[in-house]
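# Structural overview for review
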Amino acid sequence: MHFSRSSVLPAAVLAFALTLTACSSGDTSADSTEPGGVVVTDMFGEVEVPKNPQRVVALGWSDAETALALGVQPVGASDWLGVGGDGLGPWVEQSYDTDPTILGTYDVDIESIAALAPDLILWTRSTNDESVYEDLSAIAPTIAAPPGTETAYGTTWDGQTEIVAQALGKVDEGKKLVDDTEAMFDDTVAANPEFADKTVAVGTLYSGQVGAYVRGDTRVDFLESLGLTNTPTVQNLAEPGKFSIELSEENIAALDADLTVMFPIGTGPEVITENPSIQGLASARDGRLVVLGDQNLSNAFSAASVAGTRYALENAVPLFAAPLKR
């Protein structure tokens, strides 16, 4: 992945940014935050955040959804799923009073971010590139992934909610979101005992390349929370720090499992439903391949926010359960 960033910010932009925020992740001076601010610990260390940040830039995947669920409207946001408009999919109940400035995802434009005069930057589900994090922290206090996050984009829905809630001073609200969503998981597991002791493979097809996801990816974590187990034929191919693997034509059979879940990226479902190698899997022949052809459902399943997770629990789980109930 390539990042367009300035290793050295233009002097005018840097001066502008630094006059707007008195602290960064590396500034621990006593007067670097407003009275009543909080210290949040992310994967890179302690971050001093001012009380009640008013100009929040939500750069990480689902950071904007998370802030909105906590009652805060970002002034800048990234549209990771390519939804368009304000970047919010239909699974998100909240809306903006004023649409945010939409910023790049893989390409982190430091100057555009600084121009928004943020007092807090959320970057909690991202590449975890420390050099980019340092550039962002020169503009405003920046919250990266929670401690212990091992893969890029590996921040869990609950970990993201909790760390964003801390930064926004909304800990109680965040706890309620997590507790209510965990209760939904408990109810879903109880209603679907057929998931227990079954294997699952989660795959995609993007620009002709077949891929599969491993533990640390939020989709796999979602399915394992239901009682399923990521199939060893995929999991054993996992590489440290990576959430997915590429599969050649010769090893597409690794996607065979008690349940195979696939979705396309950037195309329609026919790239999967009309692919002879995928349709030749035993799980496909037996009707145990679920293709998420509805883009909204696929996006919600991938969003890994509270809103996306709840939408997937309500709308995707019945599709996953049907082949295993027979």
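Only a predicted model underlies this, so the values are computations on that prediction, with no experimental measurement involved. (Residues numbered from 1 in each chain as written. Predicted model: local features only at pLDDT ≥ 70, side-chain atom pairs only at ≥ 80, totals over all residues. Heavy atoms only, no water.)

## Observations concerning the overall build of the chain
Threshold: Going along the chain from the N terminus, every DSSP run of H or I of four or more residues is numbered as a helix, and every run of E of two or more is numbered as a strand. Think of it in three bands: residues with accessible area under 20% of the maximum for their type are buried, residues over 50% are exposed, and the middle band is partly exposed, with areas taken using a 1.4 Å probe on protein chains only. Only heavy atoms matter for contacts: two residues are in contact if any of them lie within 4.5 Å across the pair. Residue exposure ignores everything except the shown protein chains as possible cover, and the areas themselves are Shrake-Rupley values with a 1.4 Å probe.
Counting its regular elements, the chain contains 14 helices and 13 strands. In the chain, buried positions account for 51% of the 326 residues. For the chain, long-range pairs separated by at least 24 residues make up 68% of all intrachain contacts whose partners lie at least 6 apart in sequence. Accessible surface, the chain: about 14000 Å² in total, of which carbon and sulfur atoms supply 49%.

## Side note on the nonpolar core
Applicable threshold: For the purposes of this section, nonpolar cores are sets of buried Ala, Val, Leu, Ile, Met, Phe, Trp, Tyr and Cys residues that join through side-chain atoms within 4.5 Å.
Ile113, Leu136, Ile143, Phe222, Leu223, Phe301 and Phe320 are the most contacted members of the largest nonpolar core, which has 76 residues in total. The element best represented in this core is helix H5 (residues 157–168), accounting for 6 residues. In contact with Ile143, not counting residues within four places along its chain, are Val40, Asp42, Val47, Val49, Leu120, Ile121, Leu122, Trp123, Thr124, Tyr133, Ile163 and Ala167. Ala254, Ile272, Ala284 and Leu289 belong to the second largest nonpolar core, which has 18 residues in total.

## A short note on helix H13 (residues 306–315)
The condition that has to hold: Taken from the helix axis, the directions to the C-beta atoms give the arc we talk about.
Among the residues of H13, those classed as buried are Val306, Gly308, Thr309, Ala312 and Leu313. Along the axis of H13, the buried residues cluster in a sector spanning 165°; they form a single face.

## Things to note about the side chain of Ser78
In plain terms, the rule: Between N or O atoms, a polar contact is any pair within 3.5 Å; within protein, one atom must be a potential hydrogen donor and the other a potential acceptor, and residues adjacent in sequence are included only when both atoms are from side chains.
By the element assignment, Ser78 lies in strand E4 (residues 76–78). Engagement of the side chain of Ser78 in a polar contact is seen with the backbone oxygen of Gly104, the distance being 2.9 Å. Here Ser78 is in contact with Ala58, Leu59, Leu103, Gly104 and Thr105, once residues within four sequence places are set aside.

## Points about the sheet that holds strand E5 (residues 101–103)
Counted only if it meets this: Any two strands with at least two DSSP-identified bridges between them are counted as paired. Each axis is a line fitted through C-alpha atoms, taken for helices only over the stretch in contact, and angles between the N-to-C directions span 0 to 180 degrees.
The strand order E5-E4-E3-E6-E7 describes an open sheet built from 5 strands, whose pairing is parallel. Looking at which strands have only one partner, the edges of the open sheet turn out to be E5 and strand E7 (142–143). Where strand E6 (residues 120–122) lies against E7, 2 bridges are found, and the strand directions are parallel. Its bridge partner lying in E7, Leu122 is registered against Ile143. On the sheet, H5 packs against strand E3 (56–58), E6 and E7 and is oriented at approximately 175° with respect to E6.

## With respect to the packing of aromatic side chains
What counts, and what does not: Note on aromatic contacts: the rings of Phe and Tyr and the six-membered ring of Trp form a pair at centre separations within 6.5 Å, being stacked when their planes are under 30 degrees apart, edge-to-face when over 60 apart, and tilted otherwise. We call a charge positioned above a ring when the Lys NZ or Arg CZ atom is no farther than 6 Å from the ring centre and deviates by at most 35 degrees from the ring normal.
All told, the structure shown has 12 aromatic pairs when counted by the stated rule. Ring geometry for Tyr213 and Phe243: centres 6.3 Å apart, planes at 10°, overall stacked. In this pair, Tyr213 sits in strand E9 (residues 209–213) while Phe243 sits in the loop between helix H8 (232–235) and strand E11 (244–247), placing the two residues 30 residues apart along the sequence. Note on Tyr213: relative accessible area 5%, which makes it buried. Ring-pair connections join several aromatic residues into one group, and the members of that group are Trp61, Trp80, Tyr106, Tyr153, Tyr213, Phe243 and Phe263. One residue, Arg125, lies across the ring of Trp61, its end atom 4.1 Å from the ring centre. A cation over a ring is seen here: Arg219 above Tyr213, with NZ or CZ 4.2 Å from the ring centre.

## Here we look at a negative patch on the surface
Basically, it comes down to this: Note that patches include only residues with greater than 30% relative accessible area and no salt bridge, and the join distances are 9 Å for like charges and 5 Å for nonpolar side chains (Val, Leu, Ile, Met, Phe, Trp, Tyr). By convention in these notes, a salt bridge is any Lys or Arg side-chain nitrogen within 4 Å of a carboxyl oxygen on Asp or Glu. Positive charges come from Lys and Arg, negative ones from Asp and Glu, while His and the chain ends are left out of the count. Every charge is mapped to an atom, namely NZ of Lys, CZ of Arg, CG of Asp or CD of Glu.
Negative charge collects at one region of the surface, where Glu162, Glu182, Asp186 and Asp187 lie side by side. Ranked by residue count, the leading element in the negative patch is helix H6 (residues 171–191), at 3 residues. Along the chain, the position of Asp186 falls in helix H6.

## Examining the environment of Ala114
Tracing the backbone shows Ala114 in helix H3 (residues 110–115). The exposure class of Ala114 is buried, given its relative accessible area of 0%. Sequence separation between Ala114 and Val57 is 57 residues, and the spatial gap between their C-alpha atoms is 9.8 Å.

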